[in-house]
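One letter stands for each residue in the lines below.
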Amino acid sequence: EEEEEDVVEKIRGGVKSKPKAPPAVPQPKTVEKNSGNGSDSAEDYSDDEDEGEDGYKPGGYHRVKIAEVYNQRYVVIKKLGWGHFSTVWMVKDRKAKPPSNFTLNEFETQSSNQYLALKVQKSAEHYTEAALDEVELLDAVAKERRKQEAQLSNHPAHKKIPSDSDG
């Protein structure tokens, strides 16, 4: 058994592991409201199922209705959740185009399952700045994804190997 422990210690880089304490159970916390600058960024913590009516005010949440259409394209299906900065809604893209690897019939069958998430940010200036930062981050992730997908699609393993029936 000692030899086994030495091997495990070497694998861990010479660091013997200590028994881990059980994870702490998160407890609800209350944060004092900052009344000095008019910012509501330190609102009370809440486990409520919804964001509450008091958040719907200038600079706060935007009212979204089921079946409402945004950008003449996205139909609101249902609310997925909410947080301090925004609400998130399931939407269906009315103008979704079939991916290049789908035939039209396959897409028609699949299109009823083409849903997206729409995040509706609060409108106060400091939330807008945070939203713009988030968009920049998501754009960087999407750019890297396209780059990786292009590299994969050009990889020899993804090229079609001609068979005898190809002629």
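In case you missed it, the structure is sitting above this.
J.: I'm lost on the packing of aromatic side chains in this one. Help?
T.: Aromatic rings in a pair are described by how distant their centres are and how their planes are angled relative to each other. As enumerated under the stated definition, the model contains two aromatic pairs in all. Considering the side-chain rings of Tyr56 and Tyr61, the 5.5 Å spacing of their centres and the 40 degrees angle between planes classify their relative orientation as tilted. When sorted by exposure, Tyr56 lands in the same class as Tyr61, which is buried. Plain terms: the ring middles of Phe85 and Tyr127 are 5.4 Å apart, the flat faces sit at 70 degrees to each other, and that makes the pair edge-to-face. Taken as a pair, Phe85 in the loop between β2 (74-82) and β3 (86-93) and Tyr127 in helix α3 (residues 125-153) lie far apart in primary sequence, 42 residues in all.

J.: What's the story with the nonpolar core in this structure? I'm lost.
T.: With five residues, the main nonpolar core is built from Val64, Val76, Trp89, Val91 and Val120. With sequence-adjacent residues up to four places away left out, Val64 is seen in contact with Tyr70, Val76, Trp89 and Val120.

J.: Where do I start with the side chain of Glu51 in this structure?
T.: When you line up the elements, Glu51 lands in the loop between α1 (2-11) and β1 (69-70). Residue classification places Glu51 among the buried residues on the basis of a relative accessible area of 11%. Here Tyr56 takes part through its side chain, which lies 2.3 Å from a polar atom of the side chain of Glu51. There is a polar contact of 2.7 Å between the side chain of Glu51 and the side chain of Lys79. Non-local contacts of Glu51, meaning those with residues more than four positions away in its chain, are made with Tyr56, Tyr61, Lys79, Trp82 and Thr87.

J.: Could you clarify how one ought to interpret unusual backbone geometry in this entry?
T.: Among all residues save glycine, negative phi is the norm, and among peptide bonds the norm is trans. One non-glycine residue, Asn71, adopts positive backbone phi at about 55 degrees. Looking at the secondary structure, you find Asn71 in the loop between β1 and β2. Taking relative accessible area as the criterion, Asn71 reaches 64% and is therefore assigned exposed. In this structure, Gln72 takes a positive phi of about 50 degrees despite not being glycine. Locating Gln72 in the fold gives a position in the loop between β1 and β2. Judged by its relative accessible area of 63%, Gln72 falls in the exposed class.

J.: Would you take a moment to explain the sheet that holds strand β4 (residues 115-121) for this structure?
T.: Working definition: the strands of a sheet are paired by backbone hydrogen bonds and lie parallel or antiparallel to each other. Across the sheet, which stays open at both edges, the four strands sit in the order β1-β2-β3-β4 with antiparallel pairing between neighbours. A single partner strand is all that each edge strand has here, and the edge strands are β1 and β4. As paired elements, β3 and β4 share seven bridges and run antiparallel to each other. Bridged to Trp89 within β4 is Leu118.

J.: Sorry if this is basic, but what is going on with the side chain of Lys122 here?
T.: Along the chain, Lys122 turns up in the loop between β4 and α3. In this structure Lys122 comes out as buried when scored by relative accessible area, which is 2%. In this structure the side chain of Lys122 is engaged in a polar contact, spanning 3.0 Å, whose partner is the backbone oxygen of His84.

Basis of the calculations
Residues numbered from 1 in each chain as written. Predicted model: local features only at pLDDT ≥ 70, side-chain atom pairs only at ≥ 80, totals over all residues. Heavy atoms only, no water. Phe/Tyr/Trp six-rings, centres within 6.5 Å; stacked < 30°, edge-to-face > 60°. Buried < 20%, exposed > 50% of the residue type's maximum accessible area, 1.4 Å probe, protein only. Helix = DSSP H or I, 4+ residues; strand = E, 2+ residues; numbered from the N terminus. Core = buried A, V, L, I, M, F, W, Y, C linked by side-chain atoms within 4.5 Å. Contact = heavy atoms within 4.5 Å. Polar contact = N/O pair within 3.5 Å; in protein donor to acceptor, adjacent residues only side chain to side chain. Pairing = 2+ DSSP bridges.

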